[in-house]
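# Structural overview for review
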Amino acid sequence: MDEAFIYQILAIVSEIPKGKVASYKQIAELSGHDKNARLVGRILSHASYYGKYPCHRVVSQSGRLVPHWDEQKELLLEEGIEFKKNDHVDMKKYQWKV
């Protein structure tokens, strides 16, 4: 995988402010690679190899959290993000507006 692309994705993620979330699709679009939302997810699953990034602020387009990553919800709650009854983030309220 192209390291320049990896660092581009991580740079975008590092700009997401506390109390906001972005979707994988949104990150892909901001990087100029609109069709690569899944690749964004793959990069973020290995982000710890490149340093510390706020990957917990990236969710699916519907606001769904990463499966089997219980800490993600706790980290978002600490930042003041509230959840809908289905445990999804309210994207209308908390999505990062660039």
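Okay, so let's go over this structure. (Residues numbered from 1 in each chain as written. Predicted model: local features only at pLDDT ≥ 70, side-chain atom pairs only at ≥ 80, totals over all residues. Heavy atoms only, no water.)

### Quick look at the overall build of the protein
Going by this rule: Think of it this way: any DSSP run of H or I at least four residues long counts as a helix, any run of E at least two long counts as a strand, and we number them from the N terminus. Residue exposure ignores everything except the shown protein chains as possible cover, and the areas themselves are Shrake-Rupley values with a 1.4 Å probe. Within this scheme the basic residues Lys and Arg register as positive and the acidic residues Asp and Glu register as negative, but His and the chain ends are omitted. Here the site of a charge means atom NZ of a Lys, CZ of an Arg, CG of an Asp or CD of a Glu.
Of the regular secondary structure elements, the protein holds five helices and two strands. Secondary structure of the protein in N-to-C order comes out as α-β-α-α-β-α-α. On the principal axes, the C-alpha backbone points of the protein span a range of 40 × 25 × 20 Å. Summed over its atoms, the accessible surface of the protein is roughly 6,200 Å², and 49% of this surface lies on carbon and sulfur atoms. Averaged over its 15 positive side-chain charges, the protein has a centre that lies 7 Å from the centre of its 13 negative ones.

### Structural notes on the nonpolar core
Put simply, the rule is: To form a nonpolar core, buried Ala, Val, Leu, Ile, Met, Phe, Trp, Tyr and Cys residues must be joined to one another through side-chain atoms within 4.5 Å. Exposed residues in this analysis have more than 50% of their type's maximum accessible area, buried residues have under 20%, and partly exposed residues fall in between, with area computed by a 1.4 Å probe over protein chains only. Any pair of residues with heavy atoms lying within 4.5 Å of one another is described as a contacting pair.
With 18 residues, the main nonpolar core has Ile9, Val13, Ile16, Ile27, Val40, Leu44 and Val58 as its most contacted residues. Considering every element that reaches this core, the biggest residue donor is helix H1 (residues 3–14), with six residues. Setting aside residues up to four positions removed in sequence, Val58 forms contacts with Val13, Ile16, Ala22, Ser23, Tyr24, Ile27, Leu44 and Gln72. Membership of the second largest hydrophobic core comes to nine residues, among which are Val59, Leu76, Val89 and Tyr94.

### Quick word on the environment of Arg38
Residue position: Arg38 is located in helix H3 (residues 37–45). Sequence separation of Arg38 and Ala28 is ten residues, and the distance between their C-alpha atoms is 8.7 Å.

### Things to note about H1
Convention followed: The span you would expect from a helix comes to 1.5 Å times its residue count less one. As used here, the arc belongs to the directions running from the helix axis to the C-beta atoms.
Compared with the 16 Å implied by 1.5 Å per residue over twelve residues, the 16 Å span of H1 between its first and last C-alpha is a close match. Looking at H1, one finds that the buried residues are Phe5, Ile6, Ile9, Leu10, Ile12 and Val13. In a view along the axis of H1, the buried residues occupy a sector of 160°, so they form one face of it. Of the surrounding secondary structure, the elements contacted by the buried residues of H1 are helix H2 (24–30), H3 and strand E2 (58–59).

### As for the packing of aromatic side chains
Stated precisely, the cut-off is as follows: Stacked, edge-to-face and tilted labels apply to pairs of Phe, Tyr and Trp rings (six-membered ring for Trp) whose centres lie within 6.5 Å, assigned for plane angles under 30 degrees, over 60, and everything in between, in that order. Only when the NZ atom of a Lys or the CZ atom of an Arg is both within 6 Å of the ring centre and within 35 degrees of the ring normal do we say a charge sits over the ring.
All chains considered together, the criterion is met by one aromatic pair. Between Tyr7 and Tyr50, the aromatic rings sit 5.3 Å apart at their centres with planes inclined by 85°, giving edge-to-face as the arrangement. Of the two residues, Tyr7 is situated in helix H1 and Tyr50 in the loop between H3 and E2; the sequence distance between them amounts to 43 residues. By relative accessible area, which is 38% here, Tyr7 ends up partly exposed. The residue whose ring lies beneath Lys73 is Phe83, and the NZ or CZ to ring-centre distance is 5.1 Å.

### As for the side chain of His56
Here His56 shows up in the loop between H3 and E2. Apart from residues no more than four positions distant in its own chain, His56 is found in contact with Trp69, Gln72, Leu75, Leu76 and Glu79.

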